[in-house]
Every structure is written in structure tokens, then in C-alpha cells.
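Listed below are the residues making up each chain.
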Amino acid sequence: MKLDELILSPSPWLEPGGPQSDIVLSTRVRLARNIAGRPFSSRLRPEERQDLEVTLKKAVLSALGDTGITWFELGDMPEIDRRCLVERHLISRELAAADGHRGVAIDANQRLAIMANEEDHLRLQVIFCGLQLEAAWQEADAIDDRLEAHLTYAFSPKLGYLTACPTNVGTGMRASVMLHLPSLALTKQIEKVFRAVARMRLAVRGLYGEGTQATGDIYQISNQASLGRSEAEILRTLGAVIPQIVAYEQQAREVLATESPMALDDRIYRSWGLLTHARTISSEETLTLLSAVRLGVHMGRLKGVNIGTVNELFLLTRPGHIQKIRGKELTEAERDVARAEFIRQRLGVI
Amino acid sequence: MLCQRCKKQPATIHLTEILQNEKRERHLCEDCAKEEGVAIKAQINLQDVLSGMVEAHQSASSEANLTCPDCGITYAEFRNGGRLGCPHDYDVFAEPLREVLEKVHGATEHLGKLPHRAGSDMTSQRELMQLRRQLQEAVETEQYEEAARLRDLIRHKESAGEA
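Thresholds, definitions, all that
Residues numbered from 1 in each chain as written. Chains lettered and ligands numbered in written order. Predicted model: local features only at pLDDT ≥ 70, side-chain atom pairs only at ≥ 80, totals over all residues. Heavy atoms only, no water. Helix = DSSP H or I, 4+ residues; strand = E, 2+ residues; numbered from the N terminus. Rg over C-alpha atoms; globule rule 2.2 N^0.38 Å. Buried < 20%, exposed > 50% of the residue type's maximum accessible area, 1.4 Å probe, protein only. Contact = heavy atoms within 4.5 Å. Areas by Shrake-Rupley, 256 points an atom, 1.4 Å probe, with all protein chains shown as cover. Lys, Arg positive; Asp, Glu negative; His and termini not counted. Charge placed at Lys NZ, Arg CZ, Asp CG, Glu CD. Phe/Tyr/Trp six-rings, centres within 6.5 Å; stacked < 30°, edge-to-face > 60°. Buried area = accessible area lost by both parts, 1.4 Å probe. Salt bridge = Lys/Arg side-chain N within 4 Å of Asp/Glu carboxyl O. Nonpolar A, V, L, I, M, F, W, Y, C, P; charged D, E, K, R; others polar. Domains from an automatic or database assignment. Polar contact = N/O pair within 3.5 Å; in protein donor to acceptor, adjacent residues only side chain to side chain.

## Structural notes on the overall build of chain A
Here is step 1 of the chain: For chain A, the helix and strand inventory stands at 13 helices and 10 strands.
Here is step 2 of the chain: Computed over C-alpha atoms, the radius of gyration of chain A comes to 21 Å, within 12% of the 20 Å expected from 2.2 N^0.38 for 350 residues, which places it in the range of a compact globule.
Here is step 3 of the chain: Counting only C-alpha atoms and orienting by the principal axes, one finds that chain A spans roughly 65 × 45 × 30 Å.
Here is step 4 of the chain: In chain A, which comprises 350 residues, the share counted as buried stands at 61%.
Here is step 5 of the chain: Within chain A, counting contacts between residues at least 6 apart in sequence, those at least 24 apart form 70% of the total.
Here is step 6 of the chain: For chain A, the computed accessible surface area is about 13,400 Å², with 51% contributed by carbon and sulfur atoms.
Here is step 7 of the chain: In chain A, 43 positive and 44 negative side-chain charges are present, and the distance between their average locations comes to 3 Å.

This is how it looks when you write it as C-alpha cells:
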């Protein structure tokens, strides 16, 4: 698959129709692995880094060649393409910004991505739409087994899979669920939820991971601890907590609908009005407005709007994607104009 | 932007308060925010955890100087950067790391998946790493015969691990 094709095609984590997809956007399972007998990525000399990339590429392509996986070198990839891959959650911001030999393998339906020479030698991730913890783990586990037939992992019986950062040691697993929680944010209950979540050794992050803001009311909840519990146990904890958060969000939606329906509709329709008529719009404002529109569609208060289109706009209006769609580099001001135009086009109100 | 309260330090905390339906924005530096009792939400930051712990330790031990013979990283370097240099560091820094693991994971032993393959014993993993480094040096100093010997040896060991 060509990179341009990949960047302009739908992203599986935004597909509507996954389990609980009105609130849960996607489920992701990531495994960190390192190859035995080599220093971790940050201590590799440039030649060693290159040698490792060759080894990893060979192993990934022979283990998974039948899945239609494609290897992309990131070293010579244009910045804008790397940015799009970050926006698609296919590579990390760190890998995009790093130097030297590094790559990523992505399968045809963009459900699987394997990063090479990230902080760990290998970071494999599987993304499913909606809440599908078990399915995502099964797939990640199976791919890990297939890779392992071609590679020897750094592993200690006592500490498990050895990783560059001790926060990932053990299972090397981070399971994370991306949630859209506009009503909990509106009713100011979100902090309460986060406090409860922190007590379970789970972490809350914004749309684009560590240190990013929760724009568009999108939050990622993931396990903090990777050692001292099995993968199944980690999934069980998340599997118990997430449905509760989903239920709180549903309750908050009901409260809004019964106690302040006018304020709610006003918010939804103002957002819709701005999205469909603005002539220039920032990416942050876009996310805020899309969040209200998404809520309106899922609550049945805004009819005739395709949820797939709304979901897709969360991604396609990001700075990298807007430039990719326009086929050229744009200044921030130009992007805001292009974005407004693109949104009107997609929502059919040009 | 400078702190609105002390007008000296840069404002790093930005607050939006709503009092009696009136919105007020305030920009404070960390010190003033603390004095005013503004709670700062902190994410668990490994570096903070580490530096805090190491401070407590410093008087009692010389951990900071522990050095991995394989990759050359010291415990102090790890503490500052938050990343280890090679898998063997988990042995070399086992003592101070135990506390880190306890704090981050609430546990110190792996209970998850096991790799199917052999070759995961630590001694041979270390040996492989040393051989690779020697090979690198042999190539750099143009000792090609030695390099060829080392390459064969590495291949042999790798395939033994795969068996």
C-alpha cells in the first residue's frame, strides 16, 4: 500500500458500529519488545541502529508478509507524512520526531502498526473500533507469537519483557481505551471519574497521549502498571472500569436531556451552525464543535447527519491531514481557511 | 506572560474561574498558585519519582555510581534520563530498581506471558551484546579477519538460541 493512499483512507478506529461506539471510539493494545543481546534504542550507535532496523524489517516482513503489511522508512519521510501518521495514531510523536534509522510497518486495514527503533526496539499495536479489549489483545498476542518465531526477545523470568523504561517492564503491555465524554465534562463530573480511575492504577490522557490536552472531550484510559499482573488481569481491570464510565456518561446525557434540554440543544445547534458556516476555523475549535455535534447525533437531537462523516472529521481536520488533502504545505492561517471549507464540503453545505 | 500576582516569574498556571456567573481568567506562576492554594494536578512522572527516591538514598549509598559493564550507563544517568541502556541494567541496578518498580507497579515480579522460544537466558544475551560490540570495533579498526570470525560466532550463537 502506498503512503498517500493510506493517509487518505478511512481510519478503522473511527468506524462507527463498534461495540459501545457512541461513547467508546477505540481500543488499543500495545506491546513493547526488545531484541536480546543489543542495547536499548537510545544507546545504539548509528550503524547498530541501522543494522537493527534491517533485522527488524526482515523479521516483520517474513513473519507477517501474508497480512499485506507494508514497511515505511521514517528517516527520509516528509515531515507532513509523519505528522499524518501521528494523527492516525499509527506512530508515536517521539518516533516521528526522532533521528536516524527507524521505521513502521502498517497493515492494509491500518489495524496493526509495528514501530521499529522507538524507545523500545519494537512497539506493536493493534487498534479496534469501539470497546473490544479481548479481541485487540488476542490479535496483538498472536502477532507477537509470529514475530517471536523470527526474533529473540530480551526477557527475564523474574521481570518479564525487558524494556528501556521500567514503567513498561513485565508484560510490556499498555491497553488503552479512547472515550468521548462530553456530558461528564459538561456536568463537571469528569474530575471525579479521573480520581476513581487513578486509584485503580489506571492513567488518563488526552487525545494524543501523554501531556496532551483532552480536546474534543476525548480521553484515553490505560493501565499504568505492567508488572506483577497478567495481561488477562490488566484487561479485566479495564474491562470492569470502562463500562462504568460509559454508564456515567449515559446518565449524564440523560440528566442534560431532562434538566436542561434547551441549553443542550442550543450548544449542539450552535456548534452545527458554526461548523457549517465558518469561513476560517482552528483545529482546536473544530474538535470542540465536533464533540457537541457528535453528542447531538448520538442523542438523536441532531438528525440527518451521518455519524461516520462526523467521526472522520475528527481526524481529517487535523493540521497534517488538512495539508495532505490540499496537497501542499499551508501556513496556519491558510489551514484554518482550508479546514472550514473542507468541513462545509463534507457536511454538504458548501 | 508574567504572573499576575507577583509580576516577576512567568505564568505557567492558567485558571478560568466562574464566580456568580462571571468568568475570570487568571495567570499565575507556580509559587503564587501554591500560596493561593491552587491544587496542581500532577501526572505520575517517573523522573520525579526517581529523583525523589534517589535523594532519599544518596546519603546511604553510592548507587548513583553503579555502572553497567555492558552498555556503560550509570545509575545517575538513568535517573536523569529515565531510560535504561540495555537489558543487563535490570541486573546491575537490581537493588535501587526494586524500589522504583514497587512504586510504579506495586509489584516486582512478572506474572504475564512467557516467550515460547529458548535463548532467553541472560548470560547468552549478554555475551551476544559484547560480541556485537567487538565486531563493530573490529570493523572500525579494519581488522577484517577478526570481524569475519566474530560475525560467524554471532550467527552461530543466534541460531543456537533459536533452536
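Moving on from the model shown.
## Things to note about the packing of aromatic side chains
Here is step 1 of the chain: The tally for this structure, following the rule as stated, stands at 5 aromatic pairs over all chains.
Here is step 2 of the chain: Consider the rings of A:Y153 and A:Y161, whose centres lie 6.0 Å apart with planes at 75 degrees: the pair is edge-to-face. The burial state of A:Y153 is the same as that of A:Y161; both residues are buried.
Here is step 3 of the chain: Plain terms: the ring middles of B:Y75 and B:F93 are 5.2 Å apart, the flat faces sit at 75 degrees to each other, and that makes the pair edge-to-face. On the criterion of sequence distance, the pair formed by B:Y75 in helix 3 (residues 75-81) and B:F93 in the loop between helix 4 (89-92) and helix 5 (94-105) is long-range, its members being 18 residues apart.

## A closer look at the interface of chain A and chain B
Here is step 1 of the chain: Residue-level contacts link 52 residues of chain A with 48 residues of chain B.
Here is step 2 of the chain: Summed over both partners, the interface of chain A with chain B buries about 4,100 Å², with 52% contributed by carbon and sulfur atoms.
Here is step 3 of the chain: For the chain A face of the interface with chain B, the top three residues by lost area are A:R43, A:F155 and A:P166, together amounting to 16%.
Here is step 4 of the chain: Linking chain A with chain B are 7 salt bridges.
Here is step 5 of the chain: Among the ionic pairs, B:K113 bridges to A:D145, the shortest N-O distance being 2.8 Å.
Here is step 6 of the chain: Of all the secondary-structure elements, those providing two or more residues to the side of chain A that touches chain B are helix 2 (46-64), helix 5 (133-148), strand 6 (155-156) and strand 7 (160-161) of chain A.
Here is step 7 of the chain: Residue contributions to the side of chain A that touches chain B peak at 5 residues, all from helix 5 of chain A.
Here is step 8 of the chain: A per-class count over the side of chain A that touches chain B returns 20 nonpolar, 15 polar and 17 charged.

## A few points about the pattern of salt bridges
Residues and elements named next belong to chain A.
Here is step 1 of the chain: Here the structure, examined in full by the defined rule, presents 25 salt bridges over all chains.
Here is step 2 of the chain: A salt bridge links D265 to R301; the nearest nitrogen and oxygen atoms lie 2.6 Å apart. Taken together, the positions of D265 in helix 9 (residues 261-277) and R301 in the loop between helix 10 (283-298) and helix 11 (307-316) put the pair 36 residues apart, joining distant regions of the chain.

## Some thoughts on unusual backbone geometry
All names here are of chain A.
Here is step 1 of the chain: Residues other than glycine seldom take positive phi values, yet Q20 does so here, at roughly 60 degrees.
Here is step 2 of the chain: Here Q20 shows up in the loop between helix 1 (3-8) and strand 1 (24-33).
Here is step 3 of the chain: Positive phi, close to 60 degrees, is recorded for R201, a residue that is not glycine.
Here is step 4 of the chain: The topology assignment puts R201 in the loop between helix 7 (190-199) and strand 9 (202-205).

## Quick word on the domain arrangement of chain B
All names here are of chain B.
Here is step 1 of the chain: Here chain B is described as being made up of domain 1 (1-42), domain 2 (68-112) and domain 3 (116-159).
Here is step 2 of the chain: Taking only C-alpha atoms, the centre of domain 2 and the centre of domain 3 are 24 Å apart.
Here is step 3 of the chain: Ranking the residues of domain 2 by area buried against domain 3 places D70, P87 and H88 at the top, with a combined share of 72%.
Here is step 4 of the chain: Our enumeration of links across domain 2 and domain 3 arrives at 0 salt bridges.
Here is step 5 of the chain: At the boundary of domain 2 and domain 3, one finds 1 residue pair in polar contact (both at pLDDT 80 or more).

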